[in-house]
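# Architecture at a glance
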Amino acid sequence: MYKSGLLSLLIASLPLQAAEVSPPNWWANMAQPTVELMIHDPGIANAEITLSHPTARLLKSQTLDSDNYVFLTLDLSDVSPGQLSFDIIAVNGDKKVLQYTINERRENSAMRKGFGPEDAIYLITPDRFANGDPANDSVKGYVDTLAKDNRGGRHGGDIKGMMDNLPYLSNMGFTQIWTMPLLENAMDSYSYHGYSTTDYYQIDPRFGTNSLYRAFSEEAKKSGIGIIMDMVLNHIGSEHVWMSDAPSEDWIHHGQNFVQTTHFREALHDPHGIKEDAAAFADGWFVPTMPDLNQSIPHLATYLIQNAIWWVEYADLSGIRVDTYSYSDKAFLSAWTTRLMQEYPNLNIVGEEWSVNPLITSYWQAGSRRHDDYVSALPSVMDFPLQATLIQALKDDESWSGGLRSLYEILATDFVYGDPYNLVVFADNHDMDRVFTQVNEQPALWDMAMTYLLTTRGIPQVFYGTEILMSHTGSSDHGIIRSDFPGGWQGDEVNAFTGVGLTDEQKWAKQRIKTLLHLRHEQPEWFSGKLTHYTPQDGVYVYFRHNADSPETKLMVVLNKNKQPASLDLARFSAMLKGHSAITRLSGATQAMPETLTVPAFAPSVWIID
């Protein structure tokens, strides 16, 4: 229920010193000239608030059910960087002054370039990667303290640890870092993963500070690496202040009561379904510690939209990954993506829709054909259908209906996507078994999986530790999957950053990833170009990466699942090889183009066509 006013609401006094203002600052010359401030403080809804400024205008003041929140809509159309001054007057005449900062934007901030097909993303669980600052392992006032022997506890990894190891990631050839969420998770336990937000505007102090996160982004940029922020729009942590003091009674779905989501995402698309099933999916909670937000409330929607913009602007982000994308309100997601792309036309945003059905995942990507008139401005989605198919294709025996044929078939359905080349592709992530475990710790299958991942269409994402064959035989517990990266803690006997203590097999895997990443770096035009593939034959799958702007070279990739070498009649690929006279194996010497090409047994091979 809205209690609206224009410039004043007269009732009680308030101690302004404790007031929380969101967003904490804003910028001049944004694409949308208005910003809505949410001020949280006891009794704030009952005060008279006025703004004195020559150009800024206070358009309206609104409150909801709680007396402790007020929403101020400002028009900053003609405002230059500087300070805004609000007078807050209580009924007894006491006066407080609130200063609000409008900053100047970075040069070309609006036209920032987001991550794209020429990039390679490294996914990090910050708590488990490297401990750069032991002093913040446990922080006063936070119950969940260091517990390195507890697989679900905090292990001490932090932003400083990631910053210290930027040279390692740059040397490997990664150009983007996606970290699991870094915002405050002031939960009593199991808080290391970051998906139970308790403050949308504060980095968790056990990871560092807001300014350190911004410095991390700046240092990464100097190394040619962009930062992708993991954002959680769907839910909060149960220790968030909104659980004890929400702006409105309907701010959280089902109030304070846990009602679990059905996880039936198909209910949103089912032509035979009922709206109650769709609501049971979208409005339900994940777990009792993750209350579900009601983004159909305009003020909450605006809060989340502005929060995303604030972090892009403040931390100079190159992209956003959105957790549990389809679980949020559909209309809100349309508004959220539209506004973000209005502010940053070249930004990339990838949504997590964990479905292996391309018809479901493609629905959310901008430009896809849909069964309804839903409008989405989301540039990218995580390609879960390809991930599931890749692993199964490598593990299954070759047959008329399985094996590499299924990998070919899943790409043949790319016509359902608005832009298949902008999908994020991966062999594993933080929520599933590691790829080396999925392929039963067979190095040859791992090699095929990672070679495919780093050369197929889309934007590849590699989970930390994949380069050294991290696995977890016997347990699929998330705390085990997200084990500590060796070398990230003082006293580690094995150091993956330097190579000390790695096995020969691990060193081989690390070099294989590095070689493929450097190939991507040296020839970005191939990976921003097209993929052309040929139907698999006799357990061999061949595809090319090429670009019309640089037709003099191409990349040819061959996956051979046979236990013996295979001979390829290159006449079959004459359309792609026409005009080229030499071929170079990525790990070998150049030779004149032969009539037949022998490829190694049970292995991938990568060839450069000159």
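Owing to the predicted nature of the structure, the values given are computational and were not obtained by experimental measurement.

### Comments concerning the overall build of the protein
For the protein, the helix and strand inventory stands at 15 helices and 27 strands. The globule rule puts the C-alpha radius of gyration for 610 residues at 25 Å, and the 26 Å found for the protein is close to it. Expressed as lengths along the three principal axes of its C-alpha atoms, the size of the protein is roughly 95 × 55 × 45 Å. Counting the 610 residues in the protein, one finds 59% classified as buried. Of the roughly 23,600 Å² that the protein leaves accessible, carbon and sulfur atoms contribute 51%. A gap of 5 Å separates the mean positions of the 44 positive and 74 negative side-chain charges of the protein.

### Describing empty space enclosed by the protein
Per the stated rule, a full pass over the model turns up 2 cavities of 30 Å³ or more. Every residue lining the largest cavity is listed: Leu 183, Thr 197, Tyr 200, Met 229, Asp 230, Met 231, Val 232, Leu 233, Leu 304, Asn 307, Ala 308 and Trp 311. Those elements that place two or more of their residues in the lining of the largest cavity are strand E14 (226–231) and helix H5 (298–315). Split into classes, the residues belonging to the lining of the largest cavity amount to 9 nonpolar, 2 polar and 1 charged. What lines the second largest cavity is Asp 383, Pro 385, Leu 386, Ile 410, Leu 411, Thr 413, Asp 414, Tyr 417 and Arg 457. At the level of elements, helix H8 (384–395) and helix H9 (404–412) are the ones that each hand at least two residues to the lining of the second largest cavity. Here the residues of the lining of the second largest cavity are counted per class, giving 5 nonpolar, 1 polar and 3 charged.

### Quick notes on H5
In an α-helix there are 3.6 residues to a turn, and that puts residues three or four apart on one side. Helix length check: H5 (18 residues) gives 26 Å between terminal C-alpha atoms against 26 Å at 1.5 Å per residue, within 8%. H5 sits mainly inside the fold: 16 of its 18 residues count as buried.

### Brief notes about the sheet that holds strand E27 (residues 603–609)
An order of E20-E21-E22-E27-E24-E25 is seen for the 6 strands of this open sheet, with the pairing classed as antiparallel. At either margin of the open sheet sits one strand with a lone partner, and together these are strand E20 (530–537) and strand E25 (590–592). Across the sheet, the mean angle from the axis of one strand to that of its neighbour is 25°, orientation sign disregarded. With 7 bridges connecting them, strand E22 (residues 554–560) and E27 associate as antiparallel partners. From the neighbouring strand, Leu 559 faces E27, where its bridge partner is Pro 604. Along the sheet, H9 contacts E20, strand E21 (540–546) and E22; its crossing angle with E20, the most-contacted strand, is approximately 145°.

### With respect to the packing of H8 against H9
At their nearest, the axes of H8 and H9 sit 8 Å apart, and the two run at 165° to each other. For the element pair H8 / H9, the angle class is roughly antiparallel. Considering the relative orientation of H8 and H9, their crossing is left-handed. Where H8 abuts H9, its residues Pro 385, Leu 386, Thr 389, Leu 390 and Ala 393 lie against Leu 404, Ser 406, Leu 407, Ile 410 and Leu 411. Here the contact of H8 with H9 is built from residues that sort into 8 nonpolar, 2 polar and no charged.

### Digging into the sheet that holds strand E3 (residues 26–27)
One open sheet holds the 4 strands; their spatial order is E3-E9-E8-E5, and the pairing between them is mixed. The outermost strands of the open sheet, each flanked by one partner alone, are E3 and strand E5 (48–52). Bridging between E5 and strand E8 (residues 82–89) involves 5 bridges; their strand directions are antiparallel. The residue of E8 that forms the bridge with Thr 50 is Asp 87.

### What about the nonpolar core?
The nonpolar side chains of a soluble globular protein tend to be buried, and buried together. One finds Tyr 213, Trp 311, Trp 336 and Leu 340 to be the most contacted residues of the largest nonpolar core, which totals 169 residues. Counting residues per element, this core draws most heavily on H5, at 12 residues. Dropping the residues within four chain positions of it, Tyr 213 is found in contact with Ile 159, Leu 182, Ile 203, Ile 227, Met 229, Trp 311, Ala 315 and Leu 317. One finds Val 558, Leu 568, Leu 597 and Ile 609 within the second-largest nonpolar core, a separate group that totals 17 residues.

### Describing the layout of surface pockets
Any empty space left between the atoms is revealed when a probe the size of a water molecule rolls over them. Approximately 520 Å³ is the volume found for the largest pocket. Surrounding the largest pocket, 25 residues form its lining, His 193, Tyr 195, His 235, Phe 286 and Met 290 being those nearest its centre. Around the second largest pocket sit 23 residues that line it, and Asp 119, Thr 175, Gln 176, Gly 224 and Gly 226 are the ones nearest its centre. Going through the elements one at a time, helix H3 (210–222), E14 and helix H13 (504–522) are the ones with two or more residues in the lining of the second largest pocket. Sort the elements by how many residues they give to the lining of the second largest pocket and H13 lands first, with 3 residues. Residues that form the lining of the second largest pocket fall into these classes: 7 nonpolar, 9 polar and 7 charged.

### Remarks on the packing of H5 against helix H6 (residues 330–343)
Closest axis-to-axis distance for the H5/H6 pair is 10 Å, and the angle between their directions is 30°. When the interaxial angle is binned, H5 and H6 end up roughly parallel. Relative to H6, the crossing made by H5 is right-handed. Residue-level contacts link Ala 301, Leu 304, Ile 305, Ala 308, Ile 309 and Val 312 of H5 to Phe 332, Ala 335, Trp 336, Arg 339, Leu 340 and Glu 343 of H6. Looking at the contact of H5 with H6, its residues break down into 10 nonpolar, no polar and 2 charged.

### Some words on H9
Residues Leu 404, Ser 406, Leu 407, Ile 410 and Leu 411 constitute the buried set of H9. Projected down its long axis, H9 carries its buried residues within an arc of 160°, all on one side. Its buried side turned inward, H9 meets helix H7 (358–362), H8, helix H11 (443–453), E20, E21 and E22.

### Comments concerning the environment of Ser 248
Among the structural elements, Ser 248 can be located in the loop between E14 and helix H4 (275–282). Under the relative-accessibility criterion, Ser 248 is labelled buried at 5%. Considering only alpha carbons, one finds Ser 248 and His 299, 51 residues apart in sequence, at a separation of 10.0 Å. Sequence-distant contacts of Ser 248, that is, excluding residues within four places in its chain, are made with Leu 64, Asp 65 and Ile 297. Looking at Ser 248, its side chain comes within polar contact range of the side chain of Asp 250, at 2.7 Å.

Criteria and cut-off values
- Within each chain, residue numbers correspond to sequence positions counted from 1 in written order.
- The predicted origin of the model limits local features to residues at a pLDDT of at least 70 and limits the giving and counting of side-chain atom pairs to 80 or more, whereas totals for whole chains, interfaces and linings rest on all residues.
- Processing note: side-chain calculations cover all non-hydrogen atoms of the structure and skip hydrogens and water entirely.
- The helix and strand labels rest on DSSP assignments: H or I over at least four residues marks a helix, E over at least two residues marks a strand, and numbering proceeds from the N terminus.
- The quantity called the radius of gyration is restricted to C-alpha atoms. Its globule counterpart is 2.2 Å times the number of residues to the power 0.38.
- The classification of residues rests on relative accessible area computed with a 1.4 Å probe and restricted to protein chains. Under 20% of the type maximum is buried, over 50% is exposed, and intermediate values are partly exposed.
- All accessible-area figures derive from a Shrake-Rupley calculation using a 1.4 Å probe, and residue coverage is judged against the displayed protein chains alone.
- Lys and Arg are tallied as positive, Asp and Glu as negative. Neither His nor the chain termini are counted.
- We put the charge of a Lys on NZ, of an Arg on CZ, of an Asp on CG and of a Glu on CD.
- The pocket and cavity definitions rest on a 1 Å grid over protein atoms only: a 1.4 Å probe that fits but cannot leave marks a cavity, an open set with protein on both sides within 12 Å along at least five of seven lines marks a pocket, and residues lining either have an atom within 4 Å of a point.
- Grid points are joined across faces, edges and corners, and a volume is the space filled by probe spheres set on the points.
- Following the grouping adopted for this structure description, the nonpolar residues are Ala, Val, Leu, Ile, Met, Phe, Trp, Tyr, Cys and Pro, the charged ones are Asp, Glu, Lys and Arg, and the polar ones are all others, Gly among them.
- In a helix, the anticipated span is given by 1.5 Å times the number of residues less one.
- Any two strands with at least two DSSP-identified bridges between them are counted as paired.
- In this description, a line fitted to the C-alpha atoms serves as the axis of each element, helices being fitted only across the stretch in contact, and the angle between N-to-C directions of two axes falls anywhere from 0 to 180 degrees.
- Contacts were defined at the residue level, with two residues in contact if any of their heavy atoms lie within 4.5 Å.
- In what follows, roughly perpendicular refers to angles from 65 to 115 degrees, roughly parallel to angles under 35, roughly antiparallel to angles over 145, and oblique to any angle outside these ranges.
- Helix crossings fall into two classes, left-handed where the near helix is turned counterclockwise from the far one by less than a right angle and right-handed where it is turned clockwise.
- Among buried residues, the Ala, Val, Leu, Ile, Met, Phe, Trp, Tyr and Cys ones that are joined through side-chain atoms within 4.5 Å form a nonpolar core.
- Relevant arc is that of directions from the helix axis to the C-beta atoms, nothing else.
- By the criterion applied in these results, polar contacts are pairs of N or O atoms within 3.5 Å in which, for protein atoms, one can donate a hydrogen and the other can accept it, and in which residues neighboring in sequence qualify only through two side-chain atoms.

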